[in-house]
Amino acid sequence: MEPEERARLEKLDTIVRSDELRAEIGPIVDRVCTALSQKPEALMTWESIPLEIFGEGLPPGIRSGWIFVLRAGADTGAERHSNSHQRMMTLHGSGDMRVRADVASSTWESNVLVSEPSAPQERRWISIPPNVWHRPVVGRDGDWVVISFHTVAAEELIEEKMDESGAGTKQKKYVEGKVRIKS
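Residues numbered from 1 in each chain as written. Predicted model: local features only at pLDDT ≥ 70, side-chain atom pairs only at ≥ 80, totals over all residues. Heavy atoms only, no water.

*Asks:* Lay out the nonpolar core in plain terms, naming residues and giving numbers.
*Replies:* The biggest cluster of nonpolar side chains holds 23 residues, and the ones touching the most others in it are Val-16, Phe-54, Ile-67, Leu-91, Ile-147 and Phe-149. For this core, the elements supplying multiple residues, two or more each, are α1 (3-16), α2 (19-37), β2 (64-70), β4 (86-92) and β9 (144-150). Residues contacting Phe-54, with those up to four places away along its chain left out, are Ile-15, Leu-21, Ile-49, Ile-147 and Phe-149. (Core = buried A, V, L, I, M, F, W, Y, C linked by side-chain atoms within 4.5 Å. Buried < 20%, exposed > 50% of the residue type's maximum accessible area, 1.4 Å probe, protein only. Helix = DSSP H or I, 4+ residues; strand = E, 2+ residues; numbered from the N terminus. Contact = heavy atoms within 4.5 Å.)

*Asks:* I'd love a proper account of empty space enclosed by the protein, names of residues and values included.
*Replies:* Here the structure, examined in full by the defined rule, presents one cavity of 30 Å³ or more. Lining the largest cavity are 17 residues, and of these Phe-68, Glu-79, Gln-86, Met-97 and Pro-136 lie nearest its centre. Contributions of two or more residues to the lining of the largest cavity are made by β2, β4 and β9. Per-element tally for the lining of the largest cavity: the top contributor is β9, with four residues. Here the lining of the largest cavity is composed, by residue class, of 10 nonpolar, five polar and two charged. (1 Å grid on protein atoms, 1.4 Å probe; cavity = no way out; pocket = protein on both sides within 12 Å on 5 of 7 lines; lining within 4 Å. Points joined across faces, edges and corners; volume = space filled by probe spheres on them. Nonpolar A, V, L, I, M, F, W, Y, C, P; charged D, E, K, R; others polar.)

*Asks:* Just give me the short version of unusual backbone geometry, but keep the residues and values in it.
*Replies:* The residue Asn-131 is not glycine, and still its phi comes out positive at about 70°. With respect to the helices, strands and loops of the structure, Asn-131 is situated in the loop between β7 (125-128) and β8 (133-138). Owing to a relative accessible area of 36%, Asn-131 belongs among the partly exposed residues under this scheme.

*Asks:* Requested: an account of the environment of Lys-161, with residues and values cited.
*Replies:* In this structure, Lys-161 sits in strand β10 (residues 158-163). The buried category is assigned to Lys-161, whose relative accessible area is 17%. Here the side chain of Lys-161 touches Thr-76 through a polar contact of 2.3 Å, landing on its backbone oxygen. (Polar contact = N/O pair within 3.5 Å; in protein donor to acceptor, adjacent residues only side chain to side chain.)

*Asks:* Requested: an account of the pattern of salt bridges, with residues and values cited.
*Replies:* Following the criterion strictly, the structure yields 11 salt bridges and no others. Across the pair Glu-5 and Arg-8 runs a salt bridge, and its minimum N-O distance is 2.6 Å. On the criterion of helical spacing, the pair formed by Glu-5 and Arg-8 is a turn pair, its members being three residues apart in helix α1. One exposure class covers both Glu-5 and Arg-8, and it is buried. The partner of Asp-96 in a salt bridge is Arg-98, and the shortest N-O contact between them spans 2.9 Å. Among the residues examined, Asp-96 registers a relative accessible area of 9% and is labelled buried. (Salt bridge = Lys/Arg side-chain N within 4 Å of Asp/Glu carboxyl O.)

*Asks:* Could you give an account of the environment of Leu-21, with specific residues and numbers?
*Replies:* Its location among the elements puts Leu-21 in helix α2. Taking relative accessible area as the criterion, Leu-21 reaches 3% and is therefore assigned buried. As a C-alpha pair, Leu-21 and Gly-55 span 34 residues in sequence and 9.6 Å in three-dimensional space. Leave out the neighbours within four places in its chain, and Leu-21 touches Ile-15, Val-16, Ile-53 and Phe-54.

Structure below.
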């Protein structure tokens, strides 16, 4: 990892681990967890975070923040963001954010992320550049709660889902817990 990116993650880490921010995002995490418990068919639920709660401390380029809760045992499939660099940290639980550079590559690189505060940064955070395929896979022992930062505003975030049958990709936008799909 480049020193500049490591410094960016360290700055985000300091913000996210602060008691002040935890108090602000706690109700959001609770809402997103409740939403998942009320939707037994859903693999995950999410909500964007108002950037104002972070104050002036965010690194340059961060344009949106999100809380995602991924269900225990879920494999949400491969996705990528063509228009954003994603930085994600585990808040509760653990999961494997697998990545691979392109569709042609058959090898997924495993990145098991944990919520243990004393774990090294690379065990709690992942940095995913634009157009890098990633696939969250959650163990069966508990839901995975993460905070995610993107370099585009919430309403502009594009996600491309890999159609594993080989039929191409589908684009969708995450907006306030709803998905808008484009083929």
